[in-house]
Amino acid sequence: MSNHYITAEEHLPDEDLTETTLQITDAETKRIFEARVRIARDPDELTDPQPLRVVAGPHEDVSEERYVELIDEIDSEGINEDRLHRLAREQETASNIVNTRSDDLKVVLHYLVESGQYDSTAEALREISFQYFAENRPALLETYEDVRTEFEADPLRRALTDEE
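A brief look at the structure comes next.

**Quick look at the layout of surface pockets**
Consideration 1: Roughly 1,500 Å³ of volume is contained in the largest pocket.
Consideration 2: In this structure, the largest pocket is lined by 40 residues; those nearest its centre are Gln91, Asn96, Val98, Arg126 and Phe130.
Consideration 3: Taken together, the elements giving at least two residues each to the lining of the largest pocket come down to helix 1 (81–91), helix 2 (103–114), helix 3 (121–136) and helix 4 (138–152).
Consideration 4: Looking at the lining of the largest pocket element by element, the count peaks at eight residues for helix 4.
Consideration 5: Classifying every residue of the lining of the largest pocket gives 17 nonpolar, 12 polar and 11 charged.

Encoded structure:
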């Protein structure tokens, strides 16, 4: 069964097929959320079109039908959980080395190591980064923790990974 969504005309981008963040309501559940979407008047212009009622007017009593393609849903903190899932999957086969290419950062990190505050630049960068995220982006860390826990607890995924 196809979903049906609702949004206000004022939230629409000026041009069709523009990728944008849009606040939409699920017509059945009445859940309001934000998502990265593309909108079109013709469903054939989208890969996975869903009906979208666009409401306008002071009482939202005027509407027109369009189509929306949901790319990624974004939670109330602005965190894209689908993106975190994708990145966690990709990280399994990728290098875990982070390269900042910054002379200034390297000098400061080496200073912290040479002054005995950290055992390595990697340790310093990890601790400082996670401290920053905990203080400034706690919802991102909490969402990632949920994604990681869910990802690691998946018995099918573990079985398939063990066989490779």
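**Focus on the sheet that holds strand 5 (residues 62–74)**
Consideration 1: Taken in spatial order, the five strands line up as 1-2-3-5-4 and close into a barrel, and their pairing is mixed. Averaged over neighbouring strand pairs, the angle between their axes works out to 55° when direction is ignored.
Consideration 2: Here seven bridges tie strand 4 (residues 50–56) to strand 5, and the two strands are oriented antiparallel to one another. Residue pairing in the sheet places Val55 in a bridge with Ser63 of strand 5.

**A look at helix 4**
Consideration 1: For helix 4, with 15 residues, the first-to-last C-alpha span of 21 Å sits near the 21 Å given by 1.5 Å per residue.
Consideration 2: Residues of helix 4 that are buried include every one of Ala139, Thr143, Val147 and Phe151, and no others. Buried residues of helix 4 fall within an arc of 105° about the axis and therefore sit on the same side.

**Structural notes on the side chain of Thr25**
Consideration 1: The residue Thr25 is located in strand 2 (residues 20–26) in this model.
Consideration 2: For Thr25, a relative accessible area of 18% translates into the label buried.
Consideration 3: Apart from the residues within four sequence positions on either side, Thr25 is in contact with His4, Tyr5, Ile6, Lys30, Arg31 and Ile32.

**Some details on unusual backbone geometry**
Consideration 1: Its identity is not glycine, yet Leu17 carries a phi of approximately 70°, on the positive side.
Consideration 2: Relative to the assigned elements, Leu17 resides in the loop between strand 1 (5–8) and strand 2.
Consideration 3: On the basis of relative accessibility, which here comes to 37%, the residue Leu17 falls in the partly exposed class.
Consideration 4: The backbone of Lys30 shows a phi angle near 70°, a positive value even though the residue is not glycine.
Consideration 5: Considering the arrangement of structural elements, one finds Lys30 in the loop between strand 2 and strand 3 (32–40).

**Structural notes on the pairing of strand 2**
Consideration 1: A large share of strand 2 lies buried, amounting to five of its seven residues.
Consideration 2: Relative to strand 2, strand 1 runs antiparallel, the two being bridged by two bridges. Within the sheet, the bridge partner assigned to Tyr5 lies in strand 2 and is Asp26.
Consideration 3: Pairing between strand 2 and strand 3: six bridges, direction antiparallel. Within the sheet, the bridge partner assigned to Ile24 lies in strand 3 and is Phe33.
Consideration 4: Here strand 2 hands over to strand 3 after five residues, with Lys30 in that stretch at a positive phi of 70°.

**Concerning the nonpolar core**
Consideration 1: Listed in full, the 11 residues of the largest apolar core are Tyr5, Leu12, Leu22, Ile24, Phe33, Ala35, Val37, Ile39, Leu52, Val54 and Val68.
Consideration 2: Elements with a minimum of two residues in this core: strand 2, strand 3 and strand 4.
Consideration 3: Looking at this core, the element that brings in the most residues is strand 3, giving four residues.
Consideration 4: With residues near it in sequence (within four places) discarded, Leu12 still touches Thr7, Leu22, Ile39, Val54 and Arg66.

What counts and how
Residue numbers here run from 1 along each chain, matching the order of that chain's written sequence. Only residues with pLDDT of at least 70 get local features here, since the model is predicted, and only at 80 or more are side-chain atom pairs given and counted; chain-wide, interface and lining totals rely on the full set of residues. Working from all heavy atoms in the structure, the side-chain values ignore hydrogens and water. Within this scheme a cavity is a closed region of a 1 Å grid, computed over the protein atoms alone, that accommodates a 1.4 Å probe without allowing it to escape, whereas a pocket is open but has protein on both sides within 12 Å along at least five of seven lines; lining residues each have an atom within 4 Å of a point. Grid points are joined across faces, edges and corners, and a volume is the space filled by probe spheres set on the points. The numbering of helices and of strands both runs from the N terminus, where a helix is a DSSP run of H or I of at least 4 residues and a strand a run of E of at least 2. Here the term charged refers only to Asp, Glu, Lys and Arg, the term nonpolar to Ala, Val, Leu, Ile, Met, Phe, Trp, Tyr, Cys and Pro, and the term polar to all other amino acids, Gly among them. Two strands qualify as a pair provided DSSP detects at least 2 bridges between them. Fitted lines through C-alpha atoms give the axes, limited to the stretch in contact for helices. The angle between two N-to-C directions lies from 0 to 180 degrees. Here, expected helix span is obtained from the residue count minus one, scaled by 1.5 Å. When a residue's accessible area, from a 1.4 Å probe over protein chains only, is under 20% of the maximum for its type it is buried; when over 50% it is exposed; and in between it is partly exposed. Regarding the arc, it is the one traced by the directions from the helix axis to the C-beta atoms. What makes two residues a contact is simply this: any of their non-hydrogen atoms within 4.5 Å. Definition of nonpolar core: a set of buried residues of the types Ala, Val, Leu, Ile, Met, Phe, Trp, Tyr and Cys, connected through side-chain atoms within 4.5 Å.

These figures capture arrangement, not role.
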